[in-house]
Structures are given as structure tokens and as C-alpha cells.
Amino acid sequence: MSTDQPSDAQRFSELWDRYAPRIQAYALRHVARDEAPEIVAETFLVAWRRLVDVPGEPLPWLLVVARNTVASHHRSRHRARVLSDELARLHAVVAPDSSAPDEVVLERDALLRALAALTPIEREALLLVAWDGLLPAQAAAVAGCSTTAFKVRLHRARRRLDAAVAAEPGAPEARADLTLVSQEG
């Protein structure tokens, strides 16, 4: 090894000293102030791992790496937001109210038995609206029928579900929110 060639550590240190402020400035233009150091660190981590690929004029190459890192952070933040929203929605659907745990268990058991007593078409109508959150027109497209026909199915399914819940032996008093189905549509 020639003494004229700097070591990898020396080369990387020179890259850092010379270009880290420029990459920091780039990052600050594209992400929040508290995220910029992470962009710089990840950019230089890639540079360290791919030091042999870093060209003689490294700034454009480093900016491409920084740009890709910023894009990755944006995608990650978006996925995290989507996941958080979905978890909040699921929590709202399945979270028990302030009732005693034994009441919640009895209510859910009664509801599940009542759902099982419905025909598959009625159960599908209720679940498309209540669980999947579709509007009647959207649910009708999924079910392969007209919106009017779907609304009739949904109305009948709600009536049969309420009746089945009320008929459950030992079921708690029927409540309007037990069906988890919006009365709109």
C-alpha cells in the first residue's frame, strides 16, 4: 500500500469535514430541523459503506444519497401516519366502553351469536358498512347489486340483528350502539 493514498478512515474524515455542512444545509431545506442530523448521518453512513463508489467529485453523489434518504424518511413518516390512523380507527371500532368487563363480554357474545344467525347476505351487508366503513353505494358495488337493493338488504339485516340480539338468552338490554352500524344510508 502506497503512503500517498489516504486510508479509508482519512478519506471519510475528509469527506465529512468538507461536505457535512453542505449536506446539513440540504437536509434543512427538506426536513424538519430535528430530522436533519439524522439525514446527514444516514447519508454519510451510505458514503462509508460505499466509499469505493464515491467519485472524485463527491458532492453531487452525496446530494443524491441525501435526496434518496429524505424521500425514504417522507415515505416512512407517511406510512407511520397511515398506520396510526388505522390503529385509531380500529380502536374506535373495538374499544370497549366504560361498562363493566362482564357486560362487555356478554354484549359481544350476544352480538356475535346474532350475527351468526343472519344469512350470509345479511351478514355481508352489515359488515361491509359497519366493519369496512363503506357507504351503501360502495357496498352495493362490492355486493354486486344496486344501491337500492343493498339499502333494503341492510335495513332488513339491521332489523334481524336487533331482533336476534334481543332474543339472546341472558343478553343485556339491547342498546342502539350494540350493532356498531351507522343508521345513515
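Conventions and cut-offs
- Residues numbered from 1 in each chain as written.
- Predicted model: local features only at pLDDT ≥ 70, side-chain atom pairs only at ≥ 80, totals over all residues.
- Heavy atoms only, no water.
- Helix = DSSP H or I, 4+ residues; strand = E, 2+ residues; numbered from the N terminus.
- Buried < 20%, exposed > 50% of the residue type's maximum accessible area, 1.4 Å probe, protein only.
- Areas by Shrake-Rupley, 256 points an atom, 1.4 Å probe, with all protein chains shown as cover.
- Core = buried A, V, L, I, M, F, W, Y, C linked by side-chain atoms within 4.5 Å.
- Contact = heavy atoms within 4.5 Å.
- Polar contact = N/O pair within 3.5 Å; in protein donor to acceptor, adjacent residues only side chain to side chain.
- Axes fitted to C-alpha atoms, helices over the stretch in contact; angles between N-to-C directions.
- Parallel < 35°, antiparallel > 145°, perpendicular 65-115°, else oblique.
- Nonpolar A, V, L, I, M, F, W, Y, C, P; charged D, E, K, R; others polar.
- Left-handed = near helix turned anticlockwise from the far one by under 90°.
- Expected span 1.5 Å × (residues − 1).
- Arc of directions from axis to C-beta.

**Structural notes on the overall build of the protein chain**
Working step 1: A tally of helices and strands in the protein chain yields seven helices and zero strands.
Working step 2: When the elements of the protein chain are put in sequence order from the N terminus, they spell out α-α-α-α-α-α-α.
Working step 3: The burial tally for the protein chain puts 30% of its 185 residues in the buried class.
Working step 4: Within the structure as shown, the protein chain displays about 12,100 Å² of accessible surface, and the carbon and sulfur contribution to it stands at 57%.

**A short note on the nonpolar core**
Working step 1: Residues Leu15, Ile23, Phe44, Ala47 and Leu62 are the most contacted members of the largest nonpolar core, which totals 21 residues.
Working step 2: Of all the secondary structure elements, the ones that give two or more residues to this core are helix 1 (8-30), helix 2 (36-49) and helix 3 (58-94).
Working step 3: It is helix 1 that provides the largest number of residues to this core, a total of seven residues.
Working step 4: The contacts of phenylalanine 44, once residues within four sequence positions are left out, are Phe12, Leu15, Trp16, Tyr19, Ala20, Ile23 and Leu62.
Working step 5: Core analysis: the next-biggest nonpolar cluster, separate from the first, contains 18 residues, Leu111, Leu115, Leu128 and Val129 among them.

**What about the side chain of glutamate 122?**
Working step 1: Secondary-structure assignment places glutamate 122 in helix 5 (residues 120-130).
Working step 2: With a relative accessible area of 11%, glutamate 122 lands in the buried category.
Working step 3: A polar contact of 2.5 Å, which involves the side chain of glutamate 122, links it to the side chain of arginine 160.
Working step 4: Those residues in contact with glutamate 122 that lie beyond four places of it in its chain are Ala157 and Arg160.

**Considering the packing of helix 5 against helix 7 (residues 147-167)**
Working step 1: At a minimum axis distance of 8 Å, the contact between helix 5 and helix 7 shows a crossing angle of 100°. Classed by the angle they form, the pair helix 5 and helix 7 counts as roughly perpendicular. Here helix 5 contributes Ile121, Glu122, Ala125, Leu126, Leu128 and Val129 to the contact with helix 7, which in turn contributes Phe150, Arg153, Leu154, Ala157, Arg158, Arg160 and Leu161.
Working step 2: Of the residues assigned to the contact of helix 5 with helix 7, the class counts are nine nonpolar, no polar and four charged.

**Points about the packing of helix 5 against helix 6 (residues 136-143)**
Working step 1: The N-to-C vectors of helix 5 and helix 6 enclose an angle of 135°; their axes lie 10 Å apart at closest approach. Our classification of the angle between helix 5 and helix 6 gives oblique. Of the two elements, helix 5 crosses helix 6, and the hand of that crossing is right-handed. Facing helix 5, whose interface residues are Glu124, Leu128 and Val129, helix 6 presents Ala139, Val142 and Ala143.
Working step 2: When grouped by side-chain class, the residues that make up the contact of helix 5 with helix 6 number five nonpolar, no polar and one charged.

**Thoughts on helix 7**
Working step 1: Over its 21 residues, helix 7 runs 30 Å from end to end, which matches the ideal 30 Å to within 8%, given 1.5 Å per residue.
Working step 2: All of the buried residues in helix 7 are Phe150, Leu154, Ala157, Arg158, Leu161, Ala164 and Val165. Each buried residue of helix 7 lies within a common arc of 135° when the element is viewed along its axis, so the set occupies one face. In helix 7, the exposed positions angled more than 90 degrees off the buried face are occupied by Thr148, Arg159, Ala166 and Ala167.
Working step 3: Summarising the contacts, the buried residues of helix 7 are in contact with helix 4 (101-117), helix 5 and helix 6.

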